[in-house]
Amino acid sequence: MAQINVTGAPQGPGKPSTALQLAKAIGSPPAKPLTDTPVLIAQEQQLLVRCEAALENLRIAFFAAGKALQVVRDAKLYRKTHGTFEEYTLDRWDITPQYAGKLIRSWRIAEEAFESASNDLETVVSKKLGFTHAWELVPLAEEHSVKAAAMLYLALLKVQTKGITAAVVAGAVAELPTAAIGHRKKTEEFALDYLARLEGAPKAVAAVDPVKTLRALGKATRQFSPNAVKAALDHDPEGTRTAAKNLIEALSASAGLSVTIEEAPPTPAPTVPEAREGETTTPAADEKEPAVA
């Protein structure tokens, strides 16, 4: 990745600690193009270089890139090489118009979070705040204010720094009471209660691969051959029967089958008829005593 050095802006690619400097170096987005000439004037050219320095840091400073994209779009800084902003983002940065729009809509939240974070939260914000988190805060920012969205995110991080995912942020936005929006103390109280409730919620069951499950059942069927089961019975009859019964009941219940398990009656031992008094038993043909010569 190329190094771009501009007076008043750090070199790219930057680090999370320099992302705020990158965004600040761009300045305020202009309301309209500075000029209408096909060729960029010196001021525009310098502004474009600063914007592209931020875009070089897209992966680690998405909000600086979002701000840069807005400047390039609103000031039409792309007009020297491209006919539209959409063509510019696709050709120059391989960014779809949809994604560029999301970056533009979310950068203000991230910048506000960085600027509002207390000293003890600055490092945490730089490590945790990514595009997916900021994007989940956009509905709150657009319906109410950027400050309220950043306030909620900082309140979540103040309670706990681990386990804050995009899904957790989205849930907080959905559940945040109207009375708490924009009020720091109420927002922090909500964040504390919200995360405590999540801690007490049952853990989600991991998704199961049906193909692997079917293969495992087939493998188990081969492993539980009659000879293998007989060997287990000889080793521990009671334990083997109990394990087989539990396995059959569990599998049948999961597969929606109704199974009745009955224990087979014990096989009676062979008996030899007793000889009556004065009688002798005749041995079987293969049991006759050999004739004496």
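Chains are numbered independently. Their residues run from 1 in the order of the written sequence. Only residues with pLDDT of at least 70 are given local features in this predicted model, and only at 80 or more are side-chain atom pairs given and counted; all residues enter the totals for whole chains, interfaces and linings. Neither water nor hydrogens contribute to the side-chain values; these are computed over all heavy atoms in the structure.

(A) Focus on the overall build of the protein. Along the protein, the regular secondary structure elements total 13 helices and two strands. Counting over 293 residues, the protein shows a buried share of 33%. In the protein, the share of contacts with a sequence separation of at least 24, taken over all contacts with a separation of at least 6, comes to 66%. Calculation of accessible area relied on Shrake-Rupley with a 1.4 Å probe; when residues are assessed, cover is drawn exclusively from the protein chains displayed. Accessible area of the protein: about 19,200 Å², with a carbon and sulfur share of 55%. Segments assigned H or I by DSSP are reported as helices when at least four residues long, segments assigned E as strands when at least two residues long, and all are numbered from the N terminus. Only protein chains enter the accessibility calculation, which uses a 1.4 Å probe; a residue whose area is less than 20% of its type maximum is buried, one above 50% is exposed, and one in between is partly exposed. Residue contacts follow a heavy-atom distance rule, with two residues in contact if any of their heavy atoms lie within 4.5 Å.

(B) Representation of the packing of helix 7 (residues 131–143) against helix 9 (residues 166–175) within the structure. Axis definition: a line fitted to C-alpha atoms, over the contacting stretch in the case of helices. Angles run 0 to 180 degrees between N-to-C directions. Axis separation between helix 7 and helix 9 bottoms out at 8 Å; the angle between their running directions is 10°. By the angle class used here, helix 7 and helix 9 are roughly parallel. For the pair helix 7 and helix 9, contact is made by Thr 132, His 133, Glu 136, Leu 137 and Leu 140 and by Ala 166, Val 169, Ala 170 and Val 173, respectively. In this classification, Asp, Glu, Lys and Arg are treated as charged, Ala, Val, Leu, Ile, Met, Phe, Trp, Tyr, Cys and Pro as nonpolar, and every other residue, Gly included, as polar. A breakdown of the residues in the contact of helix 7 with helix 9 according to their chemical character gives six nonpolar, two polar and one charged. Angular relationships are summarised with four words: roughly parallel below 35 degrees, roughly antiparallel beyond 145, roughly perpendicular across 65 to 115, and oblique for the angles in between.

(C) Local environment of the environment of Leu 198. Secondary-structure assignment places Leu 198 in helix 10 (residues 184–200). Leu 198 sits in the partly exposed class, given a relative accessible area of 36%. As a C-alpha pair, Leu 198 and Val 168 span 30 residues in sequence and 8.7 Å in three-dimensional space.

(D) The arrangement of helix 6 (residues 119–128) in detail. Leu 121, Val 124 and Val 125 are the residues of helix 6 that are buried. What you see down the axis of helix 6 is that its buried residues fit within an arc of 105°, all on one side. Across helix 6 from its buried face, at more than 90 degrees, point the exposed residues Asn 119 and Lys 127. This arc describes the spread of directions from the helix axis toward the C-beta atoms.

(E) Unusual backbone geometry, seen in detail. Despite not being glycine, Lys 76 shows a phi value in the positive range, around 55°. Relative to the helices and strands, Lys 76 is located in the loop between helix 3 (62–74) and helix 4 (85–93). Judged by its relative accessible area of 42%, Lys 76 is partly exposed. Its identity as a non-glycine residue notwithstanding, Asp 94 has a phi of 55°, on the positive side. Counting through the fold element by element, Asp 94 comes out in the loop between helix 4 and helix 5 (97–116).

(F) Broad picture of the packing of helix 7 against helix 8 (residues 146–159). Close contact between helix 7 and helix 8 brings their axes to 8 Å; oriented N to C, the two are set at 135°. As the angle between them shows, helix 7 and helix 8 are arranged oblique. As for how helix 7 packs across helix 8, the hand of that crossing is right-handed. Contact residues: His 133, Leu 137, Leu 140 and Ala 141 in helix 7; Val 146, Ala 148, Ala 149, Leu 152 and Tyr 153 in helix 8. Grouping the constituent residues of the contact of helix 7 with helix 8 by class yields eight nonpolar, one polar and no charged. Crossing handedness follows the turn of the near helix against the far one: under a right angle anticlockwise gives a left-handed crossing, and clockwise gives a right-handed one.

(G) A look at the pattern of salt bridges. Whenever a carboxyl oxygen of Asp or Glu lies within 4 Å of a side-chain nitrogen of Lys or Arg, that contact is scored as a salt bridge. A complete count under the given rule lists ten salt bridges for this structure. Arg 73 serves as the salt-bridge partner of Asp 74, at 2.8 Å between the closest nitrogen and oxygen. Accessibility expressed as a relative area gives 22% for Asp 74, which makes it partly exposed. Glu 175 serves as the salt-bridge partner of Arg 197, at 3.1 Å between the closest nitrogen and oxygen. In this pair, Arg 197 sits in helix 10 while Glu 175 sits in helix 9, placing the two residues 22 residues apart along the sequence. Salt bridges linked by common partners bring Glu 175, Asp 193 and Arg 197 together as one network.

(H) Representation of the packing of aromatic side chains within the structure. Any two rings among Phe, Tyr and Trp, with Trp reduced to its six-membered ring, count as a pair given centres within 6.5 Å; such a pair is stacked if its planes are under 30 degrees apart, edge-to-face if over 60, and tilted if neither. This model, assessed by the stated rule, comprises seven aromatic pairs. When the ring of Tyr 99 is compared with that of Phe 131, the centres are 5.3 Å apart and the planes differ by 85°; the resulting orientation is edge-to-face. Taken together, the residues Tyr 99 in helix 5 and Phe 131 in helix 7 connect sequence positions 32 residues apart. For Phe 131, a relative accessible area of 19% translates into the label buried. With a centroid separation of 5.5 Å and 20° between ring planes, the pair formed by Phe 190 and Tyr 194 is classed as stacked. Taken together, the residues span about one helical turn, with Phe 190 and Tyr 194 both in helix 10 at a distance of four residues. What makes Phe 190 buried here is its relative accessible area of 9%. Accessibility expressed as a relative area gives 2% for Tyr 194, which makes it buried. An aromatic cluster is defined as three or more aromatic residues linked by ring pairs; in this entry it consists of Phe 62, Phe 63, Tyr 99, Phe 114, Phe 131 and Trp 135. Placement of a charge over a ring requires the Lys NZ or Arg CZ to be within 6 Å of the ring centre, with the centre-to-atom vector within 35 degrees of the ring normal. Seen from the ring of Trp 93, Arg 92 lies directly overhead, with NZ or CZ sitting 4.3 Å from the centre.

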